[in-house]
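# Summary of the model geometry
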Amino acid sequence: MENKKEDINLIAKLMPALTMTKQGANLESISLEGAKIALTFTGGESWTVKTKKPLHGLKLIKKIVKALQGQVEIY
(Lines give C-alpha, C1' and ligand atoms only; values in the text may rest on other atoms or scores of the structure.)
Protein backbone atom coordinates (compact mmCIF):
# COMPACT_ATOMS: atom_id res chain seq x y z
CA MET A 1 0.00 0.00 0.00
CA GLU A 2 2.87 2.35 0.80
CA ASN A 3 4.35 1.84 -2.69
CA LYS A 4 1.02 2.70 -4.35
CA LYS A 5 0.77 5.97 -2.40
CA GLU A 6 4.34 6.86 -3.36
CA ASP A 7 3.62 5.98 -7.01
CA ILE A 8 0.54 8.22 -7.05
CA ASN A 9 2.55 11.12 -5.64
CA LEU A 10 5.35 10.45 -8.14
CA ILE A 11 2.95 10.42 -11.10
CA ALA A 12 1.30 13.63 -9.87
CA LYS A 13 4.70 15.33 -9.86
CA LEU A 14 5.63 13.84 -13.23
CA MET A 15 2.45 14.75 -15.16
CA PRO A 16 3.34 18.40 -15.86
CA ALA A 17 6.70 17.37 -17.33
CA LEU A 18 5.13 14.59 -19.44
CA THR A 19 2.49 16.88 -20.89
CA MET A 20 5.21 19.29 -22.00
CA THR A 21 6.70 16.65 -24.30
CA LYS A 22 5.58 16.11 -27.89
CA GLN A 23 4.49 12.53 -27.15
CA GLY A 24 2.65 13.38 -23.95
CA ALA A 25 1.04 16.65 -25.03
CA ASN A 26 -2.47 15.14 -25.04
CA LEU A 27 -1.96 12.95 -21.96
CA GLU A 28 -4.86 13.41 -19.58
CA SER A 29 -4.31 10.74 -16.90
CA ILE A 30 -2.30 7.73 -15.84
CA SER A 31 -3.82 4.93 -13.79
CA LEU A 32 -2.23 1.87 -12.24
CA GLU A 33 -3.94 -1.47 -11.74
CA GLY A 34 -1.58 -4.19 -10.63
CA ALA A 35 0.68 -5.00 -13.58
CA LYS A 36 -1.18 -2.67 -15.98
CA ILE A 37 -0.55 1.00 -16.71
CA ALA A 38 -3.39 2.84 -18.44
CA LEU A 39 -2.66 6.09 -20.26
CA THR A 40 -5.70 8.18 -21.19
CA PHE A 41 -5.47 10.99 -23.70
CA THR A 42 -7.63 14.02 -24.48
CA GLY A 43 -10.39 12.87 -26.81
CA GLY A 44 -10.87 9.54 -25.04
CA GLU A 45 -8.07 7.48 -26.58
CA SER A 46 -6.64 5.00 -24.09
CA TRP A 47 -3.49 2.89 -24.15
CA THR A 48 -2.76 -0.01 -21.82
CA VAL A 49 0.74 -1.25 -21.10
CA LYS A 50 1.05 -4.66 -19.47
CA THR A 51 4.06 -5.54 -17.32
CA LYS A 52 5.15 -8.84 -15.79
CA LYS A 53 4.73 -7.46 -12.28
CA PRO A 54 3.68 -4.16 -10.70
CA LEU A 55 6.35 -1.50 -11.18
CA HIS A 56 7.31 1.24 -8.74
CA GLY A 57 9.53 4.30 -8.70
CA LEU A 58 12.08 4.73 -11.46
CA LYS A 59 11.07 1.52 -13.27
CA LEU A 60 7.49 2.82 -13.45
CA ILE A 61 8.63 6.17 -14.85
CA LYS A 62 10.82 4.48 -17.45
CA LYS A 63 7.93 2.27 -18.61
CA ILE A 64 5.57 5.26 -18.93
CA VAL A 65 8.14 7.23 -20.95
CA LYS A 66 8.84 4.23 -23.19
CA ALA A 67 5.11 3.83 -23.80
CA LEU A 68 4.79 7.46 -24.84
CA GLN A 69 7.75 7.00 -27.19
CA GLY A 70 6.20 3.89 -28.71
CA GLN A 71 8.96 1.58 -27.49
CA VAL A 72 6.69 -0.94 -25.74
CA GLU A 73 3.67 -2.95 -26.83
CA ILE A 74 0.43 -1.02 -26.37
CA TYR A 75 -2.98 -2.68 -26.01
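Look up a bit, the structure's there.
Residues numbered from 1 in each chain as written. Predicted model: local features only at pLDDT ≥ 70, side-chain atom pairs only at ≥ 80, totals over all residues. Heavy atoms only, no water.

A count of helices and strands for the protein chain gives 2 helices and 3 strands. Ordering the α and β elements of the protein chain from the N terminus gives α-β-β-β-α. Rg of the C-alpha trace for the protein chain: 11 Å, near the compact-globule value of 11 Å for 75 residues, within the 12% margin. Considering only C-alpha atoms, the protein chain reaches an extent of 30 × 25 × 20 Å along its principal axes. (Helix = DSSP H or I, 4+ residues; strand = E, 2+ residues; numbered from the N terminus. Rg over C-alpha atoms; globule rule 2.2 N^0.38 Å.)

Per the stated rule, a full pass over the model turns up 1 aromatic pair. Aromatic pair Phe41 and Trp47: ring centres 4.6 Å apart, planes at 55 degrees, arrangement tilted. Cation over ring: Lys50 sits above Tyr75, and NZ or CZ is 4.4 Å from the ring centre. (Phe/Tyr/Trp six-rings, centres within 6.5 Å; stacked < 30°, edge-to-face > 60°. Lys NZ or Arg CZ within 6 Å of the ring centre and 35° of its normal.)

For the rest of this paragraph, the subject is the nonpolar core. Leu27, Ile30, Ile37, Leu39 and Ile64 are the most contacted members of the largest nonpolar core, which has 18 residues in total. Other than its neighbours up to four places away in sequence, Ile64 contacts Ile11, Leu18, Ile30, Ile37 and Leu39. (Core = buried A, V, L, I, M, F, W, Y, C linked by side-chain atoms within 4.5 Å. Buried < 20%, exposed > 50% of the residue type's maximum accessible area, 1.4 Å probe, protein only. Contact = heavy atoms within 4.5 Å.)

Right, let's talk about the side chain of Thr51 for a bit. Inspection of the secondary structure puts Thr51 in the loop between β3 (46-50) and α2 (57-68). A polar side-chain atom of Thr51 sits 2.8 Å from the main-chain carbonyl oxygen of Lys53. Dropping the residues within four chain positions of it, Thr51 is found in contact with Ala35, Ile37 and Lys63. (Polar contact = N/O pair within 3.5 Å; in protein donor to acceptor, adjacent residues only side chain to side chain.)

With that out of the way, let us pick up the pairing of β3. Taken together, the 5 bridges between strand β2 (residues 36-41) and β3 define a ladder with antiparallel strand orientation. Bridge pairing in β3 places Ile37 opposite Val49. In textbook terms, the turn of a hairpin is the stretch between consecutive antiparallel strands, and for β2 and β3 this stretch comprises 4 residues, one of which, Gly43, has a positive phi near 100 degrees. (Pairing = 2+ DSSP bridges.)

Right, let's talk about the environment of Ala25 for a bit. Assignment of secondary structure puts Ala25 in the loop between α1 (2-19) and β1 (27-33). Exposure remark for Ala25: the relative accessible area of 44% places this residue in the partly exposed category. Considered as a pair, Ala25 and Leu68 are 43 residues apart in the sequence and their alpha carbons are 9.9 Å apart. The contacts of Ala25, once residues within four sequence positions are left out, are Leu18 and Thr19.

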